[in-house]
Amino acid sequence: MTDKIPDPPNYPPFSAGCAPTEVHVHLTAEQPEESRWDFRWLQLGRNTKCLLVSVITAPWWAGALRDVRESQHQPGAWFMAGAAFCVALWLDRTRQRFATRVLVWTTALGAVGALPVFSAFVRMMAGSPA
């Protein structure tokens, strides 16, 4: 039993003078799916090196934040820490150098070392005044 596929119907073109179009279909082999657990974007090696260097520099930044906290109280120290962290992130985003990543880690570790991060987070979540 042989089934013959019928010829396509001979429809008139959409407009007079249209040339018949040809359709080309290219089949390619599927690429293997990448792993779901790809953590290269974390840059663990680079961040670890920068973190180790910033452990040396962060106490100086924490000392400066402690001085600001004593003279300008908590809001002044938080503002200074936040502004420095934002500038460091912006510089790291635009330049992406080792020194700028160290600056990001230094500002983060210094703020954690000098400011009461946990109690400030609890106050913020509870909605109580500073």
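Please refer to the structure placed before this passage.
Keep in mind that what you see is a predicted model, and the values were worked out from it rather than measured. (Residues numbered from 1 in each chain as written. Predicted model: local features only at pLDDT ≥ 70, side-chain atom pairs only at ≥ 80, totals over all residues. Heavy atoms only, no water.)

1. Regarding helix α2 (residues 98-114)
Logical step 1: Taking 1.5 Å of rise per residue, 17 residues should cover 24 Å, and α2 covers 24 Å from first to last C-alpha, within 8% of that figure.
Logical step 2: Within the sequence span of α2, burial applies to Thr100, Arg101, Val102, Val104, Thr106, Thr107, Gly110, Ala111 and Ala114.
Logical step 3: Close packing links the buried residues of α2 with α1 (44-95) and α3 (117-126). (Helix = DSSP H or I, 4+ residues; strand = E, 2+ residues; numbered from the N terminus. Expected span 1.5 Å × (residues − 1). Buried < 20%, exposed > 50% of the residue type's maximum accessible area, 1.4 Å probe, protein only. Contact = heavy atoms within 4.5 Å.)

2. Details of the environment of Ala62
Logical step 1: Inspection of the secondary structure assignment puts Ala62 in helix α1.
Logical step 2: Remark: the alpha-carbon pair of Ala62 and Ala111, spanning 49 residues in sequence, is separated by 6.1 Å.
Logical step 3: In this structure Ala62 touches Gly110 and Ala114, once residues within four positions along its chain are discounted.

3. Considerations on the nonpolar core
Logical step 1: Residues Trp61, Ala62, Leu65, Val68, Ala77, Ala81, Ala84, Ala111, Ala114 and Leu115 constitute the largest nonpolar core, which totals 10 residues.
Logical step 2: Those elements giving two or more residues to this core turn out to be α1 and α2.
Logical step 3: Counting residues per element, this core draws most heavily on α1, at seven residues.
Logical step 4: Not counting residues up to four positions away in its chain, the partners in contact with Trp61 are Met80, Ala81, Ala84, Thr106, Thr107, Gly110 and Ala111. (Core = buried A, V, L, I, M, F, W, Y, C linked by side-chain atoms within 4.5 Å.)

4. Observations regarding the packing of α1 against α2
When two helices pack together, their arrangement is given by the angle between the helix axes and by the axis-to-axis distance.
Logical step 1: Viewed as axis vectors pointing N to C, α1 and α2 meet at an angle of 35 degrees, and their least axial separation amounts to 4 Å.
Logical step 2: Of the residues assigned to the contact of α1 with α2, the class counts are 23 nonpolar, eight polar and seven charged. (Axes fitted to C-alpha atoms, helices over the stretch in contact; angles between N-to-C directions. Nonpolar A, V, L, I, M, F, W, Y, C, P; charged D, E, K, R; others polar.)

5. Here we look at unusual backbone geometry
Logical step 1: Phi is positive for Gln43, which is not a glycine, with a value near 50 degrees.
Logical step 2: Looking at where Gln43 falls in the secondary structure, it is placed in the segment before α1.
Logical step 3: Of note, the phi angle at Gln96 is positive, near 50 degrees, even though the residue is not glycine.
Logical step 4: Judged by relative accessible area, Gln96 falls into the partly exposed class, the value being 48%.

6. Quick notes on a nonpolar patch on the surface
Logical step 1: Taken together, Trp37, Phe39, Trp41, Leu42 and Leu44 make up a surface patch of nonpolar side chains, about 640 Å² in accessible area.
Logical step 2: The residue Trp37 is located in the segment before α1 in this model.
Logical step 3: Looking at Trp37, the relative accessible area reads 63%, which means it is exposed. (Patch = residues over 30% accessible without salt bridge, like charges linked within 9 Å, V, L, I, M, F, W, Y side chains within 5 Å. Areas by Shrake-Rupley, 256 points an atom, 1.4 Å probe, with all protein chains shown as cover. Salt bridge = Lys/Arg side-chain N within 4 Å of Asp/Glu carboxyl O.)

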